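Commentary on secondary and tertiary structure
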Amino acid sequence: MTKERAAMSSTTPDDDDNFTFDDDVQPPPRLSQPPRPPSSEENAIMADNYGMMDDRPPLRVLFLHLDWGIGGAEQLMLQLAQASVVLGHSIQLWTTKCDPHHCFAPLKPNTGALHPLLHVVGQWIPPTLLIGNGVGRALCSNVRLLYLSYQVSRHIYRHRVHEPPPDVIVLDGLPTPLPFLQYFWAPTASLLFYCHFPDQLLTTAQTAAIINMETNDEQHDKNNNENTSATETRTTTVQPQMQSVRKGLYRQVMDGLENRTLPFADTIVVNSQFTRQTVLNTFSSLQQPPIGNNDSDVDVNGNSADFLPVLYPALDTTALDNATVHQDAQFLSTLPYYDPKQPPPLVSLNRYERKKNIKLLLEAILWIHNNNNNNNHNHNENTVTIPPVVIAGGYDPTNMENIEYRGELQQFVETQLPSSLQSKIWFRHSISDVERTFLLKHALAVVYTPALEHFGIVPVEAMYCETPVIAVNSGGPRETVVPGVTGFLCEPTPAAFGQAILQLLPSTSSKPLYDAKVMGQAARRHVVTRFGQERFYQQWKQYVEMAWQKGRVRQQRQQAARHLIHTLIAVADLVVTLWIMVLAVKLLQRWGVVPPTMFSIKAWHVTLWQPLIQWFSVAVANEQQEQPVAVDEEDL
């Protein structure tokens, strides 16, 4: 038997130091309840602020997520879960993997508020067909999600007496389980799919962006007589396009599966206008309904208000506002890159994945070194001091891509950067929330290098911490960063990023062109206005209720269709039964078992209908004779 579900008991802290798994352990009924139900005063406040109606009971919301590690998608799903608790809904969290040493604080054992609500099943299913090379990752992800959804249906069925089924199921990543949940595994639940980005474009779109970037890098390197390195980089980047026929067929099946199953969601929510347009261009199965004449049917962008609504991620400002440990000398002593005599660092916060393109920051630092300082004959005039560079983010020691890309970055530092720059580069793995907040607040700028990023929560967090952002001019950052006010949007080239960084660095003879402090203050005001939690709660409440209402309408239609199908099946069954009976009678007559006139119309009339009519007539006559005669009192 496989080890499936994480032990959820919080009454024995010693047993919760690590995740443990059991086959058929019955979860306690409190798993469907929020960690702390809102009080009556809080409900009144939420009713005023978020429009909650007292006559509607709280919903039961169940979240399905493939791997609850450390990343933007995981952080957003946690925000949705926490917002559901604030709004008074009860929640459950289901996943196939959650490493207690590689997850966000709310999910950690002992201390995590959402840990008692977490179910972990299917850890025995490998993430790839061949461990270490990423073959079949999409197929395995679909299998894991299907298995997870099936286990949810088993849980719902086994606890249907003591625990009501969920009202809304929230799924992200891959929509493959949606038709199974709708028709078989959870037919009474409404389905909400949060689309971070089309899964089929997570490789091709990023590869296209990197190809464009590397082509520009090649031209830049040619100008510096470094053609060999650029050619090797470009060849390595373009190589994924040359797929075999077998891999092409595999991707067609996976992409077609995603395209066909996505419309089974009652409501689809996206994280940015960029993602919304990409979804519309990618999935031919999605048909936008006609926009009504009423202004309430149209959003501010002229789109149908309830079709692919945009829900920007919000910030967990509590951790960012309450982080006072940064002034602790003991904490600062644990940071190897911290030196009060050095200028604030440039910070990159990304997972160690190739699509995050962290190497672009290192190339920009090299460009500054080659084109600013070294080109000046007098190094005492108009030179800049390159600040420390801290590259931090999620690092999974079991993920082969994390290991390989971390090694590639280290090799670039050791082989391409001069020794004077190598000492300024710091790599940090899976840092704590405290250190992460410290970097966001004390960085000169946060350099965000992914191209075509779906939304990007890191730039929003940095701007809230009054830190400017330098990001690629594509995808989500175009909706969050105001160029020249809260940061800079650049082409994904070392020269463009290097020039943006130079505008924040003072030289020996002049001040920086932009004051990072003034830009950071403007950035915080921008984030509070557009990406605050109040806006997030209001929109999430609206979309959950929208999904619930659409699901109820869909369920009523399906119920009527099922009744019609059952009626047609009953009629068909009767017709087939009568046909079989007639066929059997004819066979019996042909074989001489019964006389030919036994089952004729006349025989049926004589043997069945005529006696039945006579019996009915006699019964009616007897009933009339037994009825007492009504006597008028005046006649007496």
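For clarity, every value in this text was computed on a predicted model and none was experimentally measured.

Moving on: the overall build of the chain. For the chain, the helix and strand inventory stands at 20 helices and 14 strands. By residue count, 47% of the 636 residues in the chain fall in the buried class. Here the analysis covers contacts within the chain between residues at least 6 apart in sequence; of these, 72% occur between residues at least 24 apart. Here the chain has roughly 32,800 Å² of accessible surface; of this, 56% comes from carbon and sulfur atoms.

Quick look at the nonpolar core now. By size, the foremost hydrophobic cluster in this structure holds 62 residues, and its most contacted members are Leu-64, Ile-169, Phe-193, Ile-268, Leu-349 and Leu-439. The greatest single-element share of this core, amounting to six residues, is contributed by helix 15 (residues 457–464). Every residue in contact with Leu-64, bar those within four places of it in the chain, is listed here: Met-77, Trp-94, Leu-148, Ser-149, Val-152, Ile-169, Val-170, Leu-171, Asp-172 and Leu-181. Ile-391, Tyr-395, Ile-470 and Phe-497 belong to the second-largest nonpolar core, a separate cluster that totals 40 residues.

Before going further, it helps to examine helix 8 (residues 273–282). For helix 8, the full list of buried residues reads Thr-275, Arg-276, Thr-278 and Val-279. Seen along its axis, helix 8 keeps its buried residues to an arc of 165°; they face one direction.

Counting all residues, the mean pLDDT for the chain is 79, and 75% of those residues have values of 70 or more. Taken as a whole, residues 204–242 scores under 50 in pLDDT and shows 36 contacts with residues more than four places along the chain or in a different chain. Per-residue pLDDT stays below 50 along residues 376–380; that stretch engages in seven contacts with residues further than four places along the chain or on separate chains.

It is the contact of helix 15 with helix 18 (residues 516–530), at a shortest axis distance of 7 Å, that shows an interaxial angle of 120°. From helix 15, Val-460, Met-463 and Tyr-464 reach across to helix 18, where they touch Gly-520, Ala-523, Arg-524, His-526, Val-527 and Val-528. The residue inventory of the contact of helix 15 with helix 18, partitioned by class, reads six nonpolar, two polar and one charged.

Burial analysis of strand 10 (residues 389–393) places five of its five residues in the buried class, which makes it a mostly covered element. Bridge analysis of strand 9 (residues 346–349) against strand 10 gives four bridges, and the strand direction is parallel. If you follow Leu-349 over to strand 10, its bridge partner there is Ala-392. Note: strand 10 against strand 11 (residues 425–429), five bridges, orientation parallel. Residue pairing in the sheet places Ala-392 in a bridge with Arg-428 of strand 11.

Let us look at the packing of aromatic side chains. Scanning the entire structure with this criterion turns up 13 aromatic pairs. Ring plane angle 85° and centroid distance 5.4 Å describe the contact between Trp-124 and Tyr-147, whose orientation is recorded as edge-to-face. Of this pair, Trp-124 sits in the loop between strand 5 (118–120) and helix 3 (137–158) while Tyr-147 sits in helix 3, placing them 23 residues apart in sequence. Look at Tyr-147 and you get buried, because its relative accessible area is 16%. Arranged with centres 5.8 Å apart and planes meeting at 65°, the rings of Tyr-150 and Trp-185 form a pair that is edge-to-face. Separated by 35 residues along the polypeptide, Tyr-150 in helix 3 and Trp-185 in helix 4 (residues 178–185) bring together distant segments of the chain. For Tyr-150, a relative accessible area of 37% puts it in the partly exposed group. Among the aromatic residues, those joined into a cluster by ring pairs are Tyr-150, Phe-180 and Trp-185. In this structure, Arg-524 is placed above the aromatic ring of Tyr-464, and the distance from its NZ or CZ to the ring centre is 4.1 Å.

Keep in mind that most residues, glycine aside, have a negative phi and that most peptide bonds are trans. In this structure, Asn-357 is a non-glycine residue whose phi angle is positive, near 55°. Inspection of the secondary structure assignment puts Asn-357 in the loop between strand 9 and helix 11 (359–373).

As a further point, take the sheet that holds strand 10. The six strands are arranged 11-10-9-12-13-14 in an open sheet whose pairing can be described as parallel. The open sheet is flanked by strand 11 and strand 14 (487–490), the only strands paired with a single partner. Pairs of neighbouring strands in the sheet enclose a mean axial angle of 20°, with direction left out of account. Summarising the sheet, strand 12 (residues 445–448) and strand 13 (residues 469–472) pair through three bridges and their orientation is parallel. Along strand 13, the bridge assignment pairs Val-446 with Val-469. Contacting strand 9, strand 12, strand 13 and strand 14, helix 17 (residues 494–502) runs over the sheet at an angle of about 165° to strand 13.

The next subject is the environment of Leu-178. By the element assignment, Leu-178 lies in helix 4. Sequence-wise, Leu-178 and Leu-262 are 84 residues apart; in three dimensions their C-alpha atoms are separated by 7.3 Å. If we skip the residues at most four places from it in the chain, Leu-178 touches Leu-171, Leu-191, Phe-193, Thr-261, Leu-262, Phe-264 and Ala-265.

Attention now goes to the sheet that holds strand 3 (residues 60–65). Strands sit in the order 5-4-3-6-7-8 across an open sheet of six strands; the sheet is parallel. Two strands bound the open sheet, and with one partner strand each, they are strand 5 and strand 8 (267–270). Each strand of the sheet is rotated relative to its neighbour by a mean of 20°, with strand direction disregarded. Together, strand 3, strand 4 (90–95), strand 5 and strand 6 (168–172) form the strand contacts of helix 3, whose direction differs from that of strand 4 by roughly 140°.

We now examine the environment of Leu-202. Here Leu-202 is to be found in helix 5 (residues 201–223). The spacing of Leu-202 and Leu-452 is 250 residues in sequence and 9.7 Å in space, taken between C-alpha atoms. For Leu-202, the contacting residues outside a window of four places in its chain are Phe-197, Lys-355 and His-454.

The rules behind each value
- Residues numbered from 1 in each chain as written.
- Predicted model: local features only at pLDDT ≥ 70, side-chain atom pairs only at ≥ 80, totals over all residues.
- Heavy atoms only, no water.
- Helix = DSSP H or I, 4+ residues; strand = E, 2+ residues; numbered from the N terminus.
- Buried < 20%, exposed > 50% of the residue type's maximum accessible area, 1.4 Å probe, protein only.
- Contact = heavy atoms within 4.5 Å.
- Areas by Shrake-Rupley, 256 points an atom, 1.4 Å probe, with all protein chains shown as cover.
- Core = buried A, V, L, I, M, F, W, Y, C linked by side-chain atoms within 4.5 Å.
- Arc of directions from axis to C-beta.
- pLDDT = per-residue confidence, 0-100.
- Axes fitted to C-alpha atoms, helices over the stretch in contact; angles between N-to-C directions.
- Nonpolar A, V, L, I, M, F, W, Y, C, P; charged D, E, K, R; others polar.
- Pairing = 2+ DSSP bridges.
- Phe/Tyr/Trp six-rings, centres within 6.5 Å; stacked < 30°, edge-to-face > 60°.
- Lys NZ or Arg CZ within 6 Å of the ring centre and 35° of its normal.

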